[in-house]
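Residues per chain, in single letters:
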Amino acid sequence: MKVLFYNWVDYSDELNRGGGVTHYLRNVLHQMDARDDVACTFLSSGISYDLRSRPPRWSRVVHGAAKGRERRFEIVNSGCLSPSHHSFGHPAQVSDPDTEAVFADFLQSVGPFDVVHFNNLEGLPATVLDLKAQMPGTRFILSLHNYYPFCPQVNFWHREEAHCDDFANGERCVGCLPYKPNPRMVRLANSANFSLQKRGVGPGTVVYDRGAGPAMRMGVRTLRKIASARRSAAVQPTPPPVSAPVIAEPIDPSDAGGFRDRRDQFVELINRNCDTVLCVSDRVAEIARRHGVSDAKLRTSYIGSDHAVHFDQTRPKSAILRPDGTAQMAFLGYMRRDKGFFFLLEALETLDPTLASRLHLVFAAAGRDPLALAAFDRLRPRFASLTWHDGYRRHEMDRMLSEVDFGIVPVLWEDNLPQVAIEMHSRHIPLLTSHRGGASELGRCPGMVFRAGDIDDLHRRLAQILNGDVDLEGYWAGAMPPVSMDQHLADLLDVFGGQPPDPEAE
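These remarks concern the structure in this document. Values in this document were obtained by computation on a predicted structure and should not be read as measured data.

Definitions and cut-offs
- Residues numbered from 1 in each chain as written.
- Predicted model: local features only at pLDDT ≥ 70, side-chain atom pairs only at ≥ 80, totals over all residues.
- Heavy atoms only, no water.
- Axes fitted to C-alpha atoms, helices over the stretch in contact; angles between N-to-C directions.
- Helix = DSSP H or I, 4+ residues; strand = E, 2+ residues; numbered from the N terminus.
- Parallel < 35°, antiparallel > 145°, perpendicular 65-115°, else oblique.
- Left-handed = near helix turned anticlockwise from the far one by under 90°.
- Contact = heavy atoms within 4.5 Å.
- Buried < 20%, exposed > 50% of the residue type's maximum accessible area, 1.4 Å probe, protein only.
- Pairing = 2+ DSSP bridges.

### Observations regarding the packing of helix α9 (residues 341-349) against helix α15 (residues 455-466)
Right, so step 1: Remark: α9 packs on α15, axes separated minimally by 10 Å, with the N-to-C direction vectors making an angle of 65°. With respect to α15, the element α9 is oriented roughly perpendicular. As for how α9 packs across α15, the hand of that crossing is right-handed. Facing F343, L344, E346 and A347 of α9, the residues of α15 in contact are I455, L458 and H459.

### Things to note about unusual backbone geometry
Right, so step 1: Geometrically, the link from S82 to P83 is a cis peptide bond, its omega value of -5° lying close to zero.
Right, so step 2: Tracing the chain through its elements places P83 in the loop between β4 (72-76) and α2 (97-110).
Right, so step 3: Following G111, the chain continues into P112 via a peptide bond in cis, with omega recorded as 5°.
Right, so step 4: Topologically, P112 is positioned in the loop between α2 and β5 (115-118).
Right, so step 5: Although it is not a glycine, N77 adopts a positive phi angle of roughly 70°.
Right, so step 6: Structurally, N77 is set in the loop between β4 and α2.
Right, so step 7: Since its relative accessible area comes to 2%, N77 is described here as buried.
Right, so step 8: Located in the positive-phi region is E160, a residue other than glycine, with phi close to 60°.
Right, so step 9: Note on placement: E160 falls in the loop between β7 (157-158) and β8 (162-163).
Right, so step 10: On the basis of relative accessibility, which here comes to 31%, the residue E160 falls in the partly exposed class.

### Some thoughts on the sheet that holds strand β6 (residues 139-144)
Right, so step 1: What the 8 strands build is an open sheet, ordered β3-β4-β2-β1-β5-β6-β9-β10; its pairing is mixed. Looking along the sheet, the strands with just one partner apiece sit at the ends: β3 (57-60) and β10 (298-300). With direction set aside, neighbouring strand axes in the sheet form an average angle of 25°.
Right, so step 2: Across 4 bridges, strand β2 (residues 39-45) lies against β4 in parallel orientation. Counterpart to F42 in the pairing with β4 is R72.

Such coordinate-based values are descriptive only and should not be taken to indicate function.
Written as structure tokens, this is what we have:
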């Protein structure tokens, strides 16, 4: 069986772009390599560009890690920049004939493939899905690791501030990004990075680590500061002079219509061409269904994790509370608003002092946000203890989590299935989660779920935990065992091996 895996960034990317999906694909391909009946090819697109403006082309990857280069390819000069916010709302996200033609040529030249597994559509025009009509014997599989087909921001996170329940027929999309990157500048930065990497000047080299890398990171930080300033200005606008009329900036109907059409076209293309749409949690399937994806195509497929091995190596504690009435709670992840980090800090600062004094806090969150560090200083004397790790590595996790009594996943967005939730769950650490996303499906315990962004509801759940009202035995009796890589691989192969629909019967 010949399988093409697609994602917008190479699974061996030296800059570690792509987050958990990149790590997931690295694991999947490693597992596939152990089989003699599957041959895997990998394609990425949307981040490699020539210094001179040239039409799209495909080529074998000639930069980065040497391992696996024989199967790693990329589309250079794609008309669709990735990730999505770099080409936010651009028509090429739906259609770009030149890029589609290059993708079609790649399939014909390197294939034929039995399966094309899109782990994202960022970096490609969605119309590449219509190539299915030319290859009815090839299965087209789409995994929803985010919500890109329905939301160009990919995570229903409006203006980097709040969950988006309704895109208002595209009107809310028009002003969604607090700062819209200049595609020309992004392409220039990508072409400079691509040029350096092709010459062996990448991460780990003196020139890159001391020169090019810091310069690019400074540019990114500058853009983020501009975005932050614009968000602040939007929240606390400077009052206009009394004599000046206040006029709301009108929504451009054509722009709103473009975003509405974008969503409709993505859903239509998926329903017409994809054999199966894999959802990494039931919540993702529910959201996809609500946005019009055919129920007959949806299949929940929890991603496999190499952390699952810990589930058989550990045993759950008999109770969350310790003999002295205290408990240790851990937050793993990023100092980001959508991850619920700052919401959690606010909730902890207003927690009843009696409860706070019985709670040990562990934060493993990379970054040195001054607001977060100041909050840590305020929290430390109010709580039983507070430990902060500036990020963590895999080999540090067992030691770091050895005394943790429960974890918290307070996401404010519909986080498909957070890796940190799987990591803690696999070690028999019960999870207190928000109702959004797929994290609550691991424990399947309504008593350990609170409404996202609702401080009072979180306080209520923390009080129940510290009052000993959580039945831990019942929690684990109903919990879902984490999915191992072997199990997930078997599920994937079952999907890959299914019979495509007979075009004559349609």
